[in-house]
Amino acid sequence: MEARRLAVLYSHLFPSRSAPLPPLSSILSTSACASLMNDCVFCLIIRGESPAFKLYEDDMCLCILDTRPLSRGHSLIVPKSHFSSLDTTPPSVVAAMCSKVPFLGNAIMKATDSDSFNLLVNNGAAAGQVIFHTHIHIIPRKAGDCLWTSEVCFTCLFIYLQMQKTEVTFNGIKYDQLLVLQSLYRRPLTIDPETSNLANRVRELLLNVSEESKDQVSTLS
């Protein structure tokens, strides 16, 4: 067990220069899947039994494109072991996931021409968690994108209410109307060349960062 921990730590500090990115169909060893669930969509992806656009993968976690993105490049960091919520996830696993946020976030921002991103965890049903396997959202943002309901400008709201033939008033707008408005921004991920190019661009940027980091380590050595 101690040898494996050291191997995982070493892989984070000095990832292999020549190791290719794993294919979508890659399957983990039986021992690595021992803690996975049969009815969990993320566990199926981790086992290679369900397709996904994988952007990054290591011994502890993987990063994939969200299938219902809030913005272009919306991605998820998912641990390779099944934990139903953040509060049940071991601190070491949370640390491993969070340590990848700057690395992955910067690549996703560059690939989507964004300059910001939201880092989001929905922990529990009341907080909006739908898939009960811990995951962290990286949501690329651009100025004026009006992503959240609280950010939607009056012009967007006016147009939407006109389309719905609803009385156009800004005071006393029904809560369910705002929820519908927010849901318009979350559409299924389109499986097309543009999405494939986006995933490939993120992978390329991540690989370049890894190469630069290894060069810096070699220089220090």
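Here is a short report on the structure shown in this document. All values reported here derive from a predicted model rather than from experimental measurement.

**Regarding the overall build of the protein**
A count of helical and extended segments in the protein gives seven helices and five strands. Listed by position from the N terminus, the elements making up the protein come as α-α-β-β-β-α-α-β-β-α-α-α. Each of the 221 residues in the protein was classed as buried or not, and the buried ones make up 38%. Taking as baseline every contact in the protein between residues at least 6 positions apart, the subset at least 24 positions apart corresponds to 61%. Total accessible area computed for the protein in this model is approximately 12900 Å², and 59% of it derives from carbon and sulfur atoms.

**Regarding the pairing of strand β3 (residues 75-79)**
Among the five residues that make up β3, five are buried, leaving the element largely enclosed by the rest of the structure. Neither face of β3 is open: one carries Ser 75, Ile 77 and Pro 79, the other Leu 76 and Val 78, and all of them are buried. As paired elements, strand β2 (residues 61-65) and β3 share five bridges and run antiparallel to each other. The residue of β3 that forms the bridge with Leu 65 is Ser 75. Bridging between β3 and strand β5 (residues 136-141) involves three bridges; their strand directions are antiparallel. Note on β5: the bridge partner recorded for Ile 77 is Ile 136.

**Some points on the sheet that holds strand β1 (residues 54-57)**
With antiparallel pairing, the five strands of this open sheet are ordered in space as β1-β2-β3-β5-β4. Two strands lie at the open edges of the sheet, namely β1 and β4 (116-120), each paired on one side alone. The mean angle between the axes of side-by-side strands here comes to 20 degrees, regardless of whether they run parallel or antiparallel. Judged from the three bridges that link them, β1 and β2 form a sheet pairing that is antiparallel. Bridging across to β2, Lys 54 finds its partner in Ile 64. Each of β2, β3 and β5 touches helix α3 (residues 91-98); the most contacted strand, β3, lies at about 150 degrees to it.

**A closer look at the nonpolar core**
Ranked by internal contacts, the top residues of the largest apolar core, which has 24 residues, are Leu 55, Ile 77, Leu 104, Val 202 and Leu 206. Breaking this core down by element, the ones donating at least two residues are β1, β2, α3, α4 (101-111), β5 and α7 (193-220). Sorting elements by how many residues they give to this core places α4 first, with six residues.

**Some remarks on the side chain of Thr 134**
Looking at the secondary structure, you find Thr 134 in the loop between β4 and β5. In terms of polar contacts, Thr 134 uses its side chain to reach the backbone carbonyl oxygen of Ser 85, at 2.9 Å. Residues contacting Thr 134, with those up to four places away along its chain left out, are Ile 77, Val 78, Pro 79, Phe 83, Ser 84, Ser 85, Leu 86, Thr 89 and Met 97.

**Digging into the pattern of salt bridges**
Enumeration over the complete set of coordinates arrives at seven salt bridges. Across the pair Arg 47 and Glu 49 runs a salt bridge whose closest N-O atoms are separated by 3.2 Å. For Arg 47, a relative accessible area of 11% gives the class buried. Residue classification places Glu 49 among the exposed positions, given a relative accessible area of 52%. Between Glu 57 and Lys 80 there is a salt bridge, with the nearest N and O atoms lying 2.8 Å from each other. On the criterion of sequence distance, the pair formed by Glu 57 in strand β1 and Lys 80 in the loop between β3 and α3 is long-range, its members being 23 residues apart. Comparing Glu 57 with Lys 80 shows no difference in burial state: the two are buried. Shared partners join several salt bridges into a network, and the residues in it are Lys 54, Glu 57 and Lys 80.

What counts as what
Residues numbered from 1 in each chain as written. Predicted model: local features only at pLDDT ≥ 70, side-chain atom pairs only at ≥ 80, totals over all residues. Heavy atoms only, no water. Helix = DSSP H or I, 4+ residues; strand = E, 2+ residues; numbered from the N terminus. Buried < 20%, exposed > 50% of the residue type's maximum accessible area, 1.4 Å probe, protein only. Contact = heavy atoms within 4.5 Å. Areas by Shrake-Rupley, 256 points an atom, 1.4 Å probe, with all protein chains shown as cover. Pairing = 2+ DSSP bridges. Axes fitted to C-alpha atoms, helices over the stretch in contact; angles between N-to-C directions. Core = buried A, V, L, I, M, F, W, Y, C linked by side-chain atoms within 4.5 Å. Polar contact = N/O pair within 3.5 Å; in protein donor to acceptor, adjacent residues only side chain to side chain. Salt bridge = Lys/Arg side-chain N within 4 Å of Asp/Glu carboxyl O.

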